[in-house]
Amino acid sequence: MSDLTPTTTGTAQARQVAFRGGGFAPASHRWIGVLVFILLVTLAELGTRQGWISPLTLPLPSDVLKTFGELYASGLLWAHMSVSLTRLFVGAVLGASLGVAVGVLIGLFSYVRAGLVPLTAALFPIPKIALLPLFVIWFGIDEGSKYALIAFGTFTPTVVATYGAVDNVDRSLIRMGQSFNLSWMSIVRKIVLPGAMPGILSGLRISLAIAIILLVAAEMLGAEYGIGAYILEAGSLYDLERLFAGVTILSLLGVTMSATIGLIERRLLNWRQ
Amino acid sequence: MDIRLSGVSHSYDQFEVLRDISLEIPSGKIVCIVGPSGCGKSTLLRFIGGLEQPTKGEVLQIGNPPKDCLNPLTYIFQDFALLPWRSVRGNISLVLEDHGIRGARAEGIIADVLARTKLTEFHKALPKQLSGGMKQRVAIARALAVNPAVMLMDEPLSALDSQTRELLMDDLVNLWTRTPFTAVYVTHNLAEAVRLGHSIVVMSRRPGEIREVVHLETPLDQRHYGDSALEEKQKYLWQLMREEARAADAELVHV
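Residues numbered from 1 in each chain as written. Chains lettered and ligands numbered in written order. Predicted model: local features only at pLDDT ≥ 70, side-chain atom pairs only at ≥ 80, totals over all residues. Heavy atoms only, no water.

Caption draft 1: Spotlight on helix H8 (residues 184–218) of chain A. With 35 residues, H8 of chain A ought to run about 51 Å at 1.5 Å a step, yet its terminal C-alpha atoms sit only 41 Å apart, falling short of that. Taking the largest bend as the criterion, H8 of chain A deviates by roughly 45°, centred on methionine 197 of chain A, and proline proline 198 of chain A comes between one and four positions later. (Helix = DSSP H or I, 4+ residues; strand = E, 2+ residues; numbered from the N terminus. Expected span 1.5 Å × (residues − 1). Bend = angle between axes of the 7 residues up to and from the residue.)

In structure tokens form, the structure reads like this:
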């Protein structure tokens, strides 16, 4: 190879081959997300303080923080959080577990698929918020209607993600299971479900975000406490500080959920390439 | 336990894939099936193991499998078919669990097959950590664990590079020499066929028919890389196949 190294051979000019293989390879830069967030908040703080953002459009971030502090000190934060988290938990667990079950059934049985896929497609685009009055009549103005709304909202995306994930399980692995005479139950439990897990978890990411959205909607009717009720009340009074404090709580809730699923993914899916 | 195919024909819709295949697979021998791509040799293997049913003809088991045999007809696949979420040990115990073999008995079997495939120290590794050759050795270990009466090997070395292929062929020969097993070995690689086959079934292009069955008398452990007698046989097989392969290559795919 050494005879290829000279930079000029005879009269011909030698140039370095230009590198063009960069990009398209996502790498993890966690701190940039935090940086963007801090930058935006600082910008809002500066803008409102100096007056080029009118206080009517955006509250002072520091005021929002103060409101949050007051909320915490008064003990109301926990009162709102506890009822909201319960609603979120019960509704999401109901909806997601039913959704995974139905999705797996659709993935496994052609008759169930033929019967339920059109139904899911019909239910999916319905804005669940529109059904709230109906749910109030069906399940009562108390917790029942709230659980139902959140559960219904998480159910359909979970179904769609789950049967897609089951469809995507490597057929050659199922063949392998059959060739070793594994029972139907073993094939489902040891091959289909673990194989569908990546798809189910990424579906859950979406369903849980929808659950948070619907939490606010569910607390529109007949709720005294709850983050959603708190935000809606602040909104109708045009109390921007409290509105933003509430919205921040929802955002933090979303980030926590997403991080939790990320943690579960790393634990459960460490076998992926 | 012997396998007999009599008058096996198959067509998908109007499309004839296999025509009147009759074949004996004697116990303790390796039968290689070679043929141009798309001649239905893998389909034939799926019939033998009961993963698919032929439209005509029958596949028969003659005699009973040995008592300690958990899964008489056991496959080894081209793509290994290992569960990526289970370790080497877990992949082998998968096929034992359904037979109620757990605990110390399972440990005994797993340790034995891992030792036979030289994988003992890798029992905790996940498939993604293994090279192609090691993955296929895990698949062979898994097949050995159920004590098969007949091994059905579907292009087991085709996904591997040629050096690894040589090494694994030696491994297979060693395994067979220690305890002779019955196998149907489907391949498009003639070098593999002459190294491993006691008889070689040459198939025509689609619709697949048996053109000729070539028998090789040299014992497996005396066949070596670059052996001139084997190369003669390989040349002969290639002459048989050449025209078929050319014609098969020029056909459109109807799938």
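Text resumes after the structure shown.
Caption draft 2: The arrangement of the pairing of strand S9 (residues 210–215) of chain B in detail. Residues and elements named next belong to chain B. Pairing analysis gives 5 bridges linking strand S8 (residues 199–203) to S9, with the strands arranged antiparallel. In the strand pairing of S9, methionine 203 is matched with isoleucine 210. The antiparallel hairpin formed by S8 and S9 contains 6 residues in its connecting segment. (Pairing = 2+ DSSP bridges.)

Caption draft 3: Expanded view of the sheet that holds S9 of chain B. Residue and element names in this part refer to chain B. The 6 strands lie next to each other as S5-S6-S7-S3-S8-S9, forming an open sheet whose pairing is mixed. The sheet terminates laterally at strand S5 (73–76) and S9, the two strands that pair on one side only. Taken pair by pair, the neighbouring strands of this sheet meet at an average axis angle of 20°, ignoring direction. With respect to the sheet, helix H7 (residues 228–249) is in contact with strand S3 (30–34), S8 and S9, its orientation differing from that of S9 by roughly 175°. (Axes fitted to C-alpha atoms, helices over the stretch in contact; angles between N-to-C directions. Contact = heavy atoms within 4.5 Å.)

Caption draft 4: Structural detail: the pattern of salt bridges. By the definition in use, this model includes 24 salt bridges over all chains. Where lysine 41 of chain B meets glutamate 155 of chain B, a salt bridge forms, and the shortest distance between an N and an O atom there is 4.0 Å. On the criterion of sequence distance, the pair formed by lysine 41 of chain B in helix H1 (residues 41–48) and glutamate 155 of chain B in the loop between strand S6 (150–154) and helix H5 (162–178) is long-range, its members being 114 residues apart. What makes lysine 41 of chain B buried here is its relative accessible area of 6%. A salt bridge links glutamate 166 of chain B to arginine 195 of chain B, with the nearest nitrogen and oxygen atoms 3.1 Å apart. Residue glutamate 166 of chain B is located in helix H5, and its partner arginine 195 of chain B is located in helix H6 (residues 190–196); the two are separated by 29 residues in the primary sequence. The class for arginine 195 of chain B is buried, based on a relative accessible area of 7%. Beyond isolated ion pairs, a larger network of salt bridges with shared partners links Lys190 of chain A together with Arg86, Glu97 and Asp98 of chain B. (Salt bridge = Lys/Arg side-chain N within 4 Å of Asp/Glu carboxyl O. Buried < 20%, exposed > 50% of the residue type's maximum accessible area, 1.4 Å probe, protein only.)

Caption draft 5: Region of the structure containing the environment of alanine 217 of chain A. Residues and elements named next belong to chain A. By the element assignment, alanine 217 lies in helix H8. Look at alanine 217 and you get buried, because its relative accessible area is 5%. Between the C-alpha atoms of alanine 217 and glycine 228, which are 11 residues apart in sequence, the distance is 7.1 Å.

Caption draft 6: The arrangement of the confidence of the model for chain B in detail. Here chain B shows a mean pLDDT of 89. Residues at 70 or above account for 99%. What the predictor reports for the complex is a pTM of 0.82 with an ipTM of 0.88. (pLDDT = per-residue confidence, 0-100.)

Caption draft 7: The interface of chain A and chain B, seen in detail. Across the boundary between the two partners, chain A contributes 19 residues, which contact 25 residues of chain B. Taken together, the two surfaces of chain A and chain B that pack against each other cover about 2,000 Å², and 63% of this comes from carbon and sulfur. Interface area lost by chain A to chain B is led by Phe180, Lys190 and Trp271 of chain A, which between them contribute 35%. At the boundary of chain A and chain B, one finds 2 salt bridges. With a closest N to O distance of 2.8 Å, glutamate 97 of chain B and lysine 190 of chain A form a salt bridge. Between chain A and chain B we count 8 residue pairs in polar contact (both at pLDDT 80 or more) in total. (Buried area = accessible area lost by both parts, 1.4 Å probe. Polar contact = N/O pair within 3.5 Å; in protein donor to acceptor, adjacent residues only side chain to side chain.)

Caption draft 8: Molecular detail of the packing of helix H6 (residues 143–167) of chain A against H8 of chain A. Residue and element names in this part refer to chain A. The contact between H6 and H8 brings their axes to 7 Å, and the two run at 155°. As judged from the angle between their axes, H6 and H8 are roughly antiparallel. For the crossing formed where H6 meets H8, the hand is right-handed. (Parallel < 35°, antiparallel > 145°, perpendicular 65-115°, else oblique. Left-handed = near helix turned anticlockwise from the far one by under 90°.)

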